[in-house]
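Each chain, written out:
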Amino acid sequence: MIFPYSAPSLTQRQFGWRCVISLTFLMALFCCSSLQAQESDQKKKDEEPEKKSQSVEALLPKPVIVVNVASVERILQDIDFIFELAERPEIAEIASASLANVNDLEGLDQNRNLGFELYLKTGLLPQPVFIPYYPVSKISSFIETFQSILPGFMNAEERLPREEGLYVVEAGNSAFYFRIEDKYAHQFHQRGEASLDLEVFETHQFKDPAQQYQQLTTQFDAAAQLDMSSIPELMRTTFLGFFRTAIETQLQQRDGESNAAYELRRMSGKQNLENIEYFLNEAQQLTLGAHIDKEQKQGFVDLLIKARPNSDLARSMKNLPGQASYFSVVTARETLPLAASVSMIIPRRDRKTYLNYLNFFETQLSEKLLTADERLQQTNSVQQFFAPVKSQVNKGHIDAFVQLVSTPSKKFALIGGIKVAPSSNLPAALLDMINRVEKNPDNKARIFTNAETVQGIGLHQLQPDVKNADDRQRRFLGGVPSLYVGADSEVIWFAMGTEIAVAALNEAIERIHTATPEERKVQRTAPFQFEFHIKPWLQLFSEAEINDSEIMKILDGIFTSENDLVLITTQPTETGVRSRFQFDEGYLKLLGVSIGKQFDRNQERRARRNRERGQKRDALPQPKP
């Protein structure tokens, strides 16, 4: 019995499958060369030789990686919702109709989770084995559905006699085995005549995916999870050894590389290596998941790190929020084009790294700005500038903010501040360093000390040696930007832009200085936060410019000041830390509109090809009657 393969039409293949690919990608894994596929393509002999007795290598008890989809039904609802926002419901209907090309997913329970697991075989070298899992309502219908997407020819399913609940679908030199347990079909793809992996598959005890991944299914529409605890210590140590050797080889000084550049690159490389080793040893799980909140009309992508119990990482994440932010009254503002704020406790293991960077930059500045005798003095300006910064790092609290502010003239200005340990010498030290930079022969900027004063703080202006602003500078900043920097006894302030940047910084400092105790109590709950609003960027362009650009016209029609936020927050959880990416309704609508535009373009190309083919046929000589 052969099940015929029905090719979908061009429109359905390009767009229906585009929308439902998230539903069927697990079934389509067999189309790729799976990692466990064997290299032998030897043809089967007429008489199969007797199997040699060999020990079966077991899989590790738990999968290292799992990709879990909540259910087919939830993904279809997400697709309907996105195209409803985009006012293109017909595309969602095409997506649903295209399921007819895969037997309408008959035999697949569309209300339970599905996905795949990546196991490792026991042994020193990691040998991966992919095992997809599908919720099955009726096995015979499920096998027909699976066969309907096999390319080329295939044989009907054959019930294997070796044990109850084992099925096989053969296609050319490949075979797809299915074990049915707990109403789930676990799949193994075998290529060629390899039998060892099949024996492993037959003997392994798989857990019920509905129970094992219940938390992933509840929280996310789709998620991928890396389980570090499932990797044996010896295997992890071996991997780290190879990785460390490869990184250290890359950290050798290169030909023509200056000592300063090499030292900075070496410090950065060592830090990256230490962070990876720390993560592999201290972390238990890494989860990346996404879901759509249809009531709030928002999309979310979460990155979760679960620490090992009682580990140094667990303690560091628990203490992450730290103290209240000095800048809280200005970081609580909304509808900024771009803003980032951080107020968190620096883990003890990272403080030494940050101090090393500060010492490096202090040394470099000292060599450029100070004489040899001045560098020996403990009261030189460079030392007095870096001392309160390093003292703040030693305390373990980092507190800073940066904002791109939209001014009444609809131009942008960048402002920010960094909290340091109190020091009455800080303003004078900064002034002396600016004066030395001005006298440095390598300096190419025009420098004006105490060019502006905001709230009693002198701002020094560093202006590039450029007379005319380019189009981007005029459009976004209003002219050639200057860097303004100043300090009081506990904050280093900065601004970049034209004179409007000074006014924006003055307003921010004034709000901080005049804030009431009640206003200071308003704190962001996330130790780190980044936000982006797209609408203020669109307001930089004229109506004529927007109408002349198809992309700009689409963006302007979709986004308002109420639906244009992208918010990124990092904060601790009960077991680790979570970074969340939040997308407002406008971005979900943009996704649907973009797919709809692509749908229309493909429809037009298809119609044009059909017309060209018709014209070619008409141009051919017609047979005589």
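Refer to the structure above for everything that follows.
So, here is what we can say about the structure in this document. (Residues numbered from 1 in each chain as written. Predicted model: local features only at pLDDT ≥ 70, side-chain atom pairs only at ≥ 80, totals over all residues. Heavy atoms only, no water.)

Another point: the pairing of strand β6 (residues 174-181). Taken residue by residue, a regular strand's side chains alternate between the two faces of the sheet. Burial within β6 is extensive, with 6 of its 8 residues counted as buried. Here 6 bridges tie strand β5 (residues 166-171) to β6, and the two strands are oriented antiparallel to one another. Of the residues in β6, the one forming a bridge with Ala171 is Ser174. Following β5, the chain reverses through 2 residues before pairing antiparallel with β6; Gly172 in that reversal takes a positive phi of roughly 65°. Sheet topology places β6 next to strand β7 (residues 184-191); 8 bridges connect them, and they run antiparallel. Each residue of the ladder has a partner; that of Ala175, found in β7, is Gln190. Between β6 and the antiparallel strand that follows it, β7, lie 2 residues; Asp182 among them carries a positive phi value of about 50°. (Buried < 20%, exposed > 50% of the residue type's maximum accessible area, 1.4 Å probe, protein only. Helix = DSSP H or I, 4+ residues; strand = E, 2+ residues; numbered from the N terminus. Pairing = 2+ DSSP bridges.)

To describe a pair of aromatic rings, you give the distance between the ring centres and the angle between the ring planes. Within this structure, the stated rule accounts for 21 aromatic pairs. Here Phe327 and Phe401 contribute two aromatic rings whose centre-to-centre distance is 4.9 Å and whose plane-to-plane angle is 45°, an arrangement assigned as tilted. Here Phe401 lies in strand β12 (residues 397-406) and Phe327 lies in the loop between α10 (312-318) and α11 (328-331), a separation of 74 residues in the sequence. Take Phe401: its relative accessible area is 3%, and that puts it in the buried class. For the ring pair Phe532 and Trp537, a centre distance of 6.3 Å and an interplane angle of 35° mean the geometry is tilted. On the basis of relative accessible area, Trp537 is assigned to the partly exposed category, the value being 24%. Three or more aromatic residues joined by ring pairs form one cluster here, namely Tyr134, Phe142, Phe146, Phe176 and Phe178. Over the aromatic face of Tyr278 sits the side chain of Arg349, whose NZ or CZ is 3.9 Å from the ring centroid. (Phe/Tyr/Trp six-rings, centres within 6.5 Å; stacked < 30°, edge-to-face > 60°. Lys NZ or Arg CZ within 6 Å of the ring centre and 35° of its normal.)

Using a probe with the size of a water molecule, rolled over the atoms, empty space left in the structure can be pinpointed. Scanning the entire structure with this criterion turns up 1 cavity of 30 Å³ or more. In this structure, the largest cavity occupies an estimated 50 Å³ of space. Taken together, 11 residues form the lining of the largest cavity, with Thr331, Ala339, Ala340, Ser341 and Glu531 sitting closest to its centre. Contributions of two or more residues to the lining of the largest cavity are made by β11 (338-345) and β18 (528-533). When its residues are assigned to classes, the lining of the largest cavity shows 4 nonpolar, 4 polar and 3 charged. (1 Å grid on protein atoms, 1.4 Å probe; cavity = no way out; pocket = protein on both sides within 12 Å on 5 of 7 lines; lining within 4 Å. Points joined across faces, edges and corners; volume = space filled by probe spheres on them. Nonpolar A, V, L, I, M, F, W, Y, C, P; charged D, E, K, R; others polar.)

Further remarks concern a positive patch on the surface. A surface patch of like charges, here positive, comprises Lys553, Lys597, Arg601, Arg605, Arg606, Arg608, Arg609, Arg611, Arg613, Lys616 and Arg617. If you tally residues by element for the positive patch, the top one is helix α22 (residues 585-619), at 10 residues. One can find Arg609 in helix α22. (Patch = residues over 30% accessible without salt bridge, like charges linked within 9 Å, V, L, I, M, F, W, Y side chains within 5 Å. Areas by Shrake-Rupley, 256 points an atom, 1.4 Å probe, with all protein chains shown as cover. Salt bridge = Lys/Arg side-chain N within 4 Å of Asp/Glu carboxyl O. Lys, Arg positive; Asp, Glu negative; His and termini not counted. Charge placed at Lys NZ, Arg CZ, Asp CG, Glu CD.)

Here helix α21 (residues 550-558) has its buried residues at Met552, Leu555 and Ile558. Viewed along the axis of α21, the buried residues span an arc of 135°, placing them on a single side of the element. Exposed residues lying more than 90 degrees from the buried face of α21 are Glu550, Lys553 and Gly557. Summarising the contacts, the buried residues of α21 are in contact with α19 (535-538), α20 (543-548) and α22. (Arc of directions from axis to C-beta. Contact = heavy atoms within 4.5 Å.)

Moving on: the side chain of Arg475. Here Arg475 lies in helix α16 (residues 471-476). When its relative accessible area of 16% is taken as the criterion, Arg475 is described as buried. Excluding anything up to four places from it in sequence, Arg475 contacts Lys411, Leu540, Phe541 and Glu545.

Once that is clear, we can look at the nonpolar core. In terms of nonpolar packing, the biggest core is built from 28 residues, with Phe142, Ile143 and Phe178 touching the most fellow members. Ranked by the residues each element gives to this core, the list is headed by helix α2 (residues 72-85), at 5 residues. If we skip the residues at most four places from it in the chain, Phe178 touches Tyr134, Phe142, Ile143, Phe146, Gly165, Leu166, Tyr167, Val169, Ala185, His186 and Gln187. Ala504, Leu505, Ala508 and Ala515 belong to the second largest nonpolar core, which has 25 residues in total. (Core = buried A, V, L, I, M, F, W, Y, C linked by side-chain atoms within 4.5 Å.)

Let us now look at the pattern of salt bridges. Counting across every chain of the model gives 20 salt bridges. For Arg74, the salt bridge is made with Asp221, and the minimal N-O distance between the two is 2.8 Å. A residue pair is termed long-range when its members are at least 10 positions apart, and Arg74 in helix α2 and Asp221 in the loop between α7 (214-219) and β8 (222-227) qualify at 147 residues. Owing to a relative accessible area of 26%, Arg74 belongs among the partly exposed residues under this scheme. Note that Glu490 is salt-bridged to Lys419, the shortest N-O span being 3.4 Å. Here the residue Glu490 occupies a position in the loop between β16 (482-487) and β17 (491-497), and Lys419 occupies one in strand β13 (residues 412-419), the gap between them amounting to 71 residues. Via salt bridges that share partners, Arg88, Glu90 and Asp600 belong to a single interconnected network.

A few words on the environment of Lys589. As for its position among the elements, Lys589 is in helix α22. Spatially, the C-alpha atoms of Lys589 and Glu87 are 8.6 Å apart, while their sequence positions differ by 502 residues. Ignoring anything within four residues of it in the chain, the contact list for Lys589 reads Leu85, Ala86 and Ile558.

Function-wise, these values are silent; they only describe arrangement.
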